[in-house]
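Chain by chain, the residues:
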Amino acid sequence: MHEMSIALSIAEAVEKRAAAEGAARVSSIELVVGKLSGIEPESLRFCFSAASKGTVAEDAELLIEVREGTARCMECAKEFPVSFYFAECPGCGSLRVSILSGEEFLIQSMTIEEEGD
Amino acid sequence: MCDTCGCSSESGAVLRKPGNAGYHVHIGDGDHVHGHEDQGHEHDHGHDHDGHHHHSHDDRSRKIVMEQDVLLKNNLLAERNRGYFEARNIVALNFLSSPGSGKTSLLEKTIPLLLGDFPVAVIEGDQQTTNDADRIHALGVPVIQVNTGSGCHLDALMVNRALKEMELKDGSLLCIENVGNLVCPAMFDLGEAKKIVVISTTEGDDKPLKYPAMFHEADICVLNKTDLLPYVDFSASRCRQNAMRVNHHLEWFEVSVKTGDGIEALTGRIRQMVKNR
C-alpha cells in the first residue's frame, strides 16, 4: 500500500503550489505514470480521494497518462517495448538491456480555479 | 493514536530504543520527543483548513505546468542523508527482503565479525515491536527501532529523524534493515550506498521474476539458508539466473547464517565497501 503515502505526497505538493498560485480549488491534476514505476493507477486513484479530503485538491480529477516502457539492447542497439524489467532483445536475444523510459512518475500539471470578482 | 502517550500523531511512524521503555519520538512535520523528564509535550498541528470551498460561476481556470517528480521530497531528503554519510565517512547499506528470509539473523552473524575493523550501527524498520532492535542491542552496537505503524516501508524522513537520535561514530558502517516487504521499499531511496536484497531457499526461486522492481533496484543479492538446499525444491542456480535476467549488474552471494557457510565472502565484500568509501 505504498500508493497511500504516494497519494499524500501528491496532495501535499499540489496544495503547496496551489497556495502559491492563489488557487481557490484544484479541478484536475495530470500525472504521468510509467508502466515500470511500480504504481497501480487504480490504487492511486482510490488513495488520492482519501488523501485529498479537506484540501483544495478535494474532488480534483486525476488524469493519469500511462507511459509505455521502452528499452535499448546494449549489444545490437535495437529499441523495443518492455513491460517488465526482465527483457530479452527481440533482435539478438541478449539480456543486456537498458531501460529508456517507463520509470517516470511525474505531476505533469494541474488546473486551478481562481475566484472571479 | 500513539499507544505509549495516547496522543494522536499525524504520521504513524515512531522511533524507539531498546532498554528505554519511556523513550519514543513521533516522526512527522510536528516531531515531539517524550522522555522521562517530559512534562507535557508540544504538538504542531500544522495549518488548518477552513473546510469549505468557494464555488463561483465566475471562477477562472488556469493550467499550471509542474513537471515535478512525485517522489521529489523523498529523493531530496535521501540526498541530504547521503551528504551526511559522505561527510562523516559512513557507509549505509539498505537491507531488503520479504519477512522471514533472515535479515536480522544475517546482521547478528556478520556484525560481530566486522566490529574489529570499524564501528557498526543499525536502524531497524518494522511495523511494530522492538524485537529486532533488542536482538541487535544484545550485540552491544547502537541501534534504533523505527516502527512504521501501518506503513509498509522506510522512507528518507524516517531515516533522517532516526539519525538525529543516534550517536554515530565517524567511519561507521550503518545497516538499515527495512520493513520485510519485497514491493514498496524498492521505490524509496533512503540515502544508502547500496541496496542488499536477501532471499532464502524456503521461498520460490522465481521470486526475482515475481518481484522484479526490487531485484532491479538492488546492488547485491544474498541467498540465505543454503544449508536447507538438500531438503527444499529450490535451485540456487535457477534463482541466480532469474535474478540476473532482471538485473545483470547484481552481485550474488550464497550464505547459510546457520552454519556460517559463505559468510566470509560477504563480510569481505562489506569490508571492501567501507575501505573504498
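Residues numbered from 1 in each chain as written. Chains lettered and ligands numbered in written order. Predicted model: local features only at pLDDT ≥ 70, side-chain atom pairs only at ≥ 80, totals over all residues. Heavy atoms only, no water.

1. Observations concerning the overall build of chain A
Quick note on the threshold: In this text, helices come from DSSP runs of H or I with a minimum length of four residues, and strands from runs of E with a minimum of two, each type numbered from the N-terminal end. Atoms counted for the radius of gyration: C-alpha only. Globule rule: 2.2 Å times residue count to the power 0.38. Buried, partly exposed and exposed residues are distinguished by accessible area as a fraction of the type maximum, computed with a 1.4 Å probe on protein chains only: under 20%, between the cut-offs, and over 50%, respectively.
Looking only at helices and strands, chain A has two helices and six strands in total. The N-to-C order of helical and strand elements in chain A reads α-β-α-β-β-β-β-β. Relative to a compact globule of 117 residues, whose C-alpha radius of gyration would be 13 Å, chain A shows 18 Å and is clearly more extended. Looking at chain A as a whole, 50% of its 117 residues qualify as buried.

2. Regarding the sheet that holds strand β4 (residues 79–82) of chain A
Whenever strands of a sheet pair, they do so through backbone hydrogen bonds, lying parallel or antiparallel. Residues and elements named next belong to chain A. Our working definition: Should DSSP find at least two bridges between two strands, the strands are regarded as paired. All axes here are fitted lines through C-alpha atoms, helices being fitted over the stretch that makes contact, and every angle between N-to-C directions spans 0 to 180 degrees.
Spatial strand order, β4-β3-β5: three strands in an open sheet with antiparallel pairing. At either margin of the open sheet sits one strand with a lone partner, and together these are β4 and β5 (97–101). When strand polarity is set aside, the average angle formed by the axes of neighbouring strands in this sheet is 40 degrees. Pairing geometry for strand β3 (residues 69–73) and β5, over four bridges, is antiparallel. Counterpart to arginine 72 in the pairing with β5 is serine 98.

3. Observations regarding helix α2 (residues 41–51) of chain A
Residues and elements named next belong to chain A. To be explicit about the condition: Directions pointing from the helix axis toward each C-beta atom define the arc. Two residues form a contact once any of their heavy atoms are found within 4.5 Å.
Considered for burial, the residues of α2 that qualify are Pro41, Leu44, Cys47, Phe48 and Ala51. Taken down its axis, α2 places every buried residue within 125 degrees of arc, on the same side. Counted as exposed and oriented over 90 degrees from the buried face of α2: Glu42 and Phe46. Where α2 is buried, its residues touch α1 (2–21), β1 (25–34), β2 (61–67) and β6 (105–114).

4. Some details on the interface of chain B and chain A
Put simply, the rule is: Put simply, a salt bridge is a Lys or Arg side-chain nitrogen that is within 4 Å of an Asp or Glu carboxyl oxygen. In protein, a polar contact means a hydrogen-donor-capable atom and an acceptor-capable atom, both N or O and within 3.5 Å, with residues adjacent in sequence counting only if both atoms are side-chain atoms; elsewhere, any N or O pair within 3.5 Å suffices.
The interface is formed by 33 residues belonging to chain B together with 46 residues belonging to chain A. The interface formed by chain B and chain A includes five salt bridges. Put simply, lysine 63 of chain B and glutamate 30 of chain A hold a salt bridge, and the shortest N to O gap is 2.8 Å. Here chain B and chain A share 14 residue pairs in polar contact (both at pLDDT 80 or more) between them. Listing elements by their share of the side of chain B that touches chain A, those giving two or more residues are β4 (60–69), α6 (212–217) and α7 (236–246) of chain B. Broken down by element, the side of chain B that touches chain A gets its largest block of residues, ten residues, from β4 of chain B.

5. Concerning the environment of methionine 110 of chain A
Here methionine 110 of chain A lies in strand β6. Discounting chain neighbours no more than four positions away, the residues touching methionine 110 of chain A are Val14, Arg17, Ala18, Val26, Ser28 and Ile29 of chain A together with Arg62, Lys63, Ile64 and Met66 of chain B.

6. Remarks on helix α8 (residues 263–275) of chain B
All names here are of chain B. The condition is simple: Helix span, as expected, comes to 1.5 Å for every residue beyond the first.
For α8, built from 13 residues, the straight-helix expectation of 18 Å at 1.5 Å per residue is met to within 8% by its first-to-last C-alpha distance of 18 Å. Among the residues of α8, those classed as buried are Ile263, Leu266, Thr267, Arg269, Ile270, Met273 and Val274. The arc that holds the buried residues of α8, viewed along the axis, is 155 degrees, so those residues lie on one side. More than 90 degrees from the buried face of α8, the exposed residues found are Glu264 and Lys275. Buried residues along α8 sit against β5 (91–97), α2 (103–114), β8 (173–177), β9 (194–200), β10 (220–224) and β11 (251–254).

7. Some points on the nonpolar core
For clarity, the cut-off: Definition of nonpolar core: a set of buried residues of the types Ala, Val, Leu, Ile, Met, Phe, Trp, Tyr and Cys, connected through side-chain atoms within 4.5 Å.
If you look at the biggest cluster of nonpolar residues, it comprises 31 residues, and the most contacted ones within it are Ile6, Ile10, Val26, Ile29, Leu31, Leu44 and Met110 of chain A. Among the secondary structure elements, those contributing two or more residues to this core are α1, β1, α2, β2 and β6 of chain A together with β4 of chain B. The greatest single-element share of this core, amounting to seven residues, is contributed by α1 of chain A. Residues in contact with isoleucine 10 of chain A, not counting those within four places in the same chain, are Leu31, Leu44, Phe48, Phe105 and Ile107 of chain A together with Val70 of chain B. Among the nonpolar cores identified, the runner-up in size contains 28 residues, and Phe95, Leu173, Ile196 and Phe253 of chain B belong to it.

8. A word on the sheet that holds β1 of chain A
If you trace the four strands from one edge of the open sheet to the other, you get β2(A)-β1(A)-β6(A)-β4(B), paired in mixed fashion. With partners counted over all chains shown, the strands left at the sheet margins are β2 of chain A together with β4 of chain B, one partner each. The average angle at which neighbouring strand axes cross in this sheet is 15 degrees, direction not considered. Two strands pair when backbone bridges link them, and β6 of chain A and β4 of chain B are joined in this way by eight bridges, in the antiparallel orientation. Considered in β4 of chain B, the bridge of leucine 106 of chain A is made with aspartate 69 of chain B.

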